[in-house]
Amino acid sequence: MRITETRQLFTESCEYPTDAATVAERVGDVEIEAPTGDTTTVETVLARSNVGTYESADDAYTALMGNLDESFIGRKYYDDRGNGQPHPLRNWH
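This section reports on the structure supplied with the text. As the structure is a computational prediction, the values presented were derived from the model and not from experiment. (Residues numbered from 1 in each chain as written. Predicted model: local features only at pLDDT ≥ 70, side-chain atom pairs only at ≥ 80, totals over all residues. Heavy atoms only, no water.)

### Some points on the overall build of the protein chain
Counting its secondary structure elements, the protein chain contains four helices and four strands. The secondary structure elements of the protein chain, listed N-terminal to C-terminal, are α-β-α-β-β-α-β-α. Of all 93 residues assigned to the protein chain, the portion counted as buried reaches 30%. Considering only contacts within the protein chain whose residues lie at least 6 apart along the sequence, 53% involve residues at least 24 apart. Counting only carbon and sulfur atoms, one obtains 45% of the accessible surface of the protein chain, whose full area is about 6,800 Å². (Helix = DSSP H or I, 4+ residues; strand = E, 2+ residues; numbered from the N terminus. Buried < 20%, exposed > 50% of the residue type's maximum accessible area, 1.4 Å probe, protein only. Contact = heavy atoms within 4.5 Å. Areas by Shrake-Rupley, 256 points an atom, 1.4 Å probe, with all protein chains shown as cover.)

### Quick look at the packing of helix H1 (residues 6–13) against helix H2 (residues 20–27)
For the pair H1 and H2, interaxial distance at closest approach is 11 Å and the crossing angle is 105°. Taken together, H1 and H2 sit at an angle that is classed as roughly perpendicular. For the pair formed by H1 and H2, the contact residues are Leu9, Phe10 and Ser13 on the first element and Val23, Arg26 and Val27 on the second. Its residues assigned to classes, the contact of H1 with H2 shows four nonpolar, one polar and one charged. (Axes fitted to C-alpha atoms, helices over the stretch in contact; angles between N-to-C directions. Parallel < 35°, antiparallel > 145°, perpendicular 65-115°, else oblique. Nonpolar A, V, L, I, M, F, W, Y, C, P; charged D, E, K, R; others polar.)

### Considerations on unusual backbone geometry
In this model, Tyr16 is joined to Pro17 through a cis peptide bond whose omega is 0°. Assignment of secondary structure puts Pro17 in the loop between H1 and strand S1 (18–19).

Structure (structure tokens):
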């Protein structure tokens, strides 16, 4: 499953508020795929969180997004705003 589809998954799978154990029971085994092709389960990611109760599907989604590992962030240190060269005024004294 793509990470962007998990918000709907949380909405359809649980009634809120609900506890973390219920979320893990209902959707914990769902695999989500990183841009790198690696996969992990919803339960593995949410286990990194210290949240015990989710008030809404948005809360569960936020916890998921906040606990993804670096394989979900895309290209590290990528900046599409420049050409990789230092700005001439940054080193100006």
